[in-house]
Amino acid sequence: MSNLKARMIVDKAFRIAEVDKRIYGSFVEHLGRAVYGGIYEPGHPAADALGFRRDVMELVRELRVPIIRYPGGNFVSGYNWEDGVGPVAERPRRLELAWRTVESNEIGTNEFVRWAKEAGSDVMMAVNLGTRGIDDARNLIEYCNHPGGTYWSDLRRKHGVAEPHRIKTWCLGNEMDGPWQIGHKTAHEYGRLALETAKAMRQVDPGIELVSCGSSSTGMPTFPQWEADTLDHTYEAADFVSLHQYYGNRDNDTANFLAQSLDMDHFIHTVVSVCDYIKAKKRSKKTMLLSFDEWNVWYHSNGADSRLEPWTEAPPQLEDVYTFEDALLVGSMLLTFLRHADRVKMACLAQLVNVIAPIMTENGGRVWKQTIYYPYLHTSLYGRGVSLKPVVTSTKHDTKDFTDVPDLDSAVVFNEEEETLTIFAVNRSLNDELPLDCDVRSFEGYRLEQHIVLTHDDMKAVNTAEREEVAPKECRSSRLDNGILETRLPKASWNVIRLTKAEGK
Ligand code: AHR
């Protein structure tokens, strides 16, 4: 008999905000086998005429990824975008300093934008504010977005792309607060450069939206002063401030690991507070939005990466093999975004293929879904609509770094158009099932459609090319009677409970 208990009152009148589908974005960097050997592998049996893998494309499409950040990441801070356009045979091979590899430049802006379009995704393009600056950013946006009749737009047309790419969302550099970044800057140096770059880019295309670099993690010594100092410059020019965060279970303390989404919640609250302080200070009418454009679990591959030979092409870098427990934390991180749907309007799971990714490939071989694929898939499919604010009570526990960790982690999304209500829930308890009662009386005439559960006895279970060990199943332990949903969430589980309006009700 479990001592745990959770209750939830869900009312359609308690709305947080419409979920921006772009919180289900992802990221493809020129890093490891993300591009070469990931999305692109000419000669692979599943490659299309351009060399892109159809088997990978199928999974990307299944995930319904609305926006993909490109081309970095740390890579962008040393990237000359001109190297990646024009005849492939003439493109230079370069030393890639961020990840110490050789970049062939076989894939560049035009090829990637075309691939993303086929995947059903928009591109979030990052400009290099490490080794470069205003001039290259304004040229790149002219190349991408100007229709024609000028040097850079005509060059694009000469490169076989008649129509402009019309890329709307642009990142003003990447992790410029990080000492590892090529061209790392102080907050004031970055703030000035970002502002002037934003001005020039907007002169070329006033329709764009811009992301100002926030902190690389809550652990940065400059967090959150970095946000205050940089936004002092960029507040009116930018639409978003970025947040990045990766977690790991280095001491093998799973209860503590699963509680780390509380740190993410705190991160978001803090950045919102700083943004609102700058808003007040500037007497601005604008509310800054948040782009959580790098997030995931990342630590499994650290050791292997340190043993790789430098200066090779597309080495297997950052190839984390994700466990079942990683899927639970990834689920909780997604729920955190849903609960902050009023301010977090974009987020990018870093990354998409092979590099800390939900999708893995073998060179010349198979493709498979990692454990983290599933919470990402479920929220992307069923987490579109209005994020509701349920009244939740739950038993709690303490972990090494966190007190009062609710056993239940949850978020609720109401899709008014489709008349569906989805309750997402993680049972963080490693030992006990969690009985959960949900009062959904404001959803009259709704019936229980499905309860999907992802669980496994072994927290370290992984999926491989050979075997999908961790996969969702249908759960039969829920019932809905007179507006009260009663269910039992298995110990350590990810749950998706879907209610739909019954015909004629
Ligand atoms: O996603 C991997 C790397 O993590 C990115 O290149 C960088 O921005 C971050 O530090």
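Each chain carries its own residue numbering, running from 1 in the written order of its sequence. At least 70 in pLDDT is required for a residue's local features to be given in this predicted model, at least 80 for side-chain atom pairs to be given and counted, and no such filter applies to totals for whole chains, interfaces and linings, which use all residues. Derived side-chain values reflect all non-hydrogen atoms in the structure, with water molecules and hydrogen atoms excluded from consideration.

So, the site of the ligand
By convention in these notes, a residue is near a molecule or strand provided one of its non-hydrogen atoms lies within 4 Å of it. Around the ligand, 13 residues are found, and the nearest of them are E29, N74, E175, Y246 and E294. A distance of 2.9 Å separates an oxygen atom of the ligand from a polar atom in the backbone of N74. Side-chain atoms alone can form a polar contact between residues adjacent in sequence; in general such a contact is a pair of N or O atoms within 3.5 Å, and within protein one must be able to donate a hydrogen while the other accepts it. Contacts to the ligand include N174, whose side-chain N or O atom sits 3.0 Å from an oxygen atom. In terms of residue class, the shell around the ligand is made up of six nonpolar, four polar and three charged. Residue classes follow a fixed rule: Ala, Val, Leu, Ile, Met, Phe, Trp, Tyr, Cys and Pro count as nonpolar, while Asp, Glu, Lys and Arg count as charged, and any other residue, Gly among them, counts as polar.

Let's talk about the pairing of strand β12 (residues 344-350)
When a residue's accessible area, from a 1.4 Å probe over protein chains only, is under 20% of the maximum for its type it is buried; when over 50% it is exposed; and in between it is partly exposed. Helical segments are the DSSP runs of H or I of at least four residues, strand segments are the runs of E of at least two, and each set is numbered from the N terminus. Most of β12 is tucked away: seven of the seven residues are buried. By this definition, two strands are paired if DSSP reports at least two bridges between them. Alignment of strand β3 (residues 25-27) against β12, held across three bridges, turns out to be parallel. Residue pairing for β12: S26 is matched across the bridge by L349. Relative to β12, strand β11 (residues 289-297) runs parallel, the two sharing four bridges.

A closer look at the sheet that holds strand β26 (residues 493-501)
Reading across from one edge, β2-β15-β19-β20-β26-β22-β23 is the order of the seven strands in this open sheet, with antiparallel pairing throughout. Since the sheet does not close on itself, it has two edges, and those belong to β2 (15-18) and β23 (473-474), each with one partner. Summarising the sheet, strand β19 (residues 408-415) and strand β20 (residues 420-427) pair through eight bridges and their orientation is antiparallel. Bridged to V412 within β20 is I423. Between two residues, a contact is recorded if the distance between any of their heavy atoms is within 4.5 Å. Orientation is described by axes fitted as lines to C-alpha atoms, over the contacting stretch for helices, and by angles from 0 to 180 degrees between their N-to-C directions. Most of the contacts of helix α10 (residues 324-339) go to β19, to which it runs at about 55 degrees, and overall it touches β2, β15 (386-388), β19, β20, β22 (446-455) and β26. Of the strands in this sheet, β19, β20, β22 and β26 are in contact with helix α11 (residues 373-382), which crosses β26 at around 20 degrees.

So, the environment of A411
On the secondary structure map, A411 appears in strand β19. Sequence separation between A411 and S332 is 79 residues; the distance between their C-alpha atoms is 9.2 Å.

Some words on α11
Taken across its ten residues, α11 has eight buried, putting it largely inside the fold. Of the residues making up α11, those classed as buried are Y373, Y374, P375, Y376, L377, H378, T379 and S380.

A word on the pairing of β20
Looking along a regular strand, one sees the side chains alternate between the two faces of the sheet. Across the eight residues of β20, eight count as buried, placing the element largely inside the fold. Here β19 hands over to β20 after four residues, with E419 in that stretch at a positive phi of 50 degrees. Both β20 and β26 contribute to a ladder of eight bridges, which runs antiparallel. Within β26, the residue paired with T420 across the bridge is T500.

Remarks on the sheet that holds strand β16 (residues 391-394)
Pairing is mixed in the open sheet, where five strands are placed in the order β16-β1-β21-β25-β24. Looking at strand neighbours, the two that pair on one side only are β16 and β24 (479-481), the edges of this open sheet. Geometrically, the sheet is characterised by an average inter-axis angle of 15 degrees between neighbouring strands, direction not taken into account. Pairing of strand β1 (residues 6-9) with β16, which is carried by four bridges, proceeds in the antiparallel orientation. Across the sheet, residue M8 finds its bridge partner in β16, namely V392.

So, to be careful, I would describe these as geometric facts and stop short of saying anything about function.
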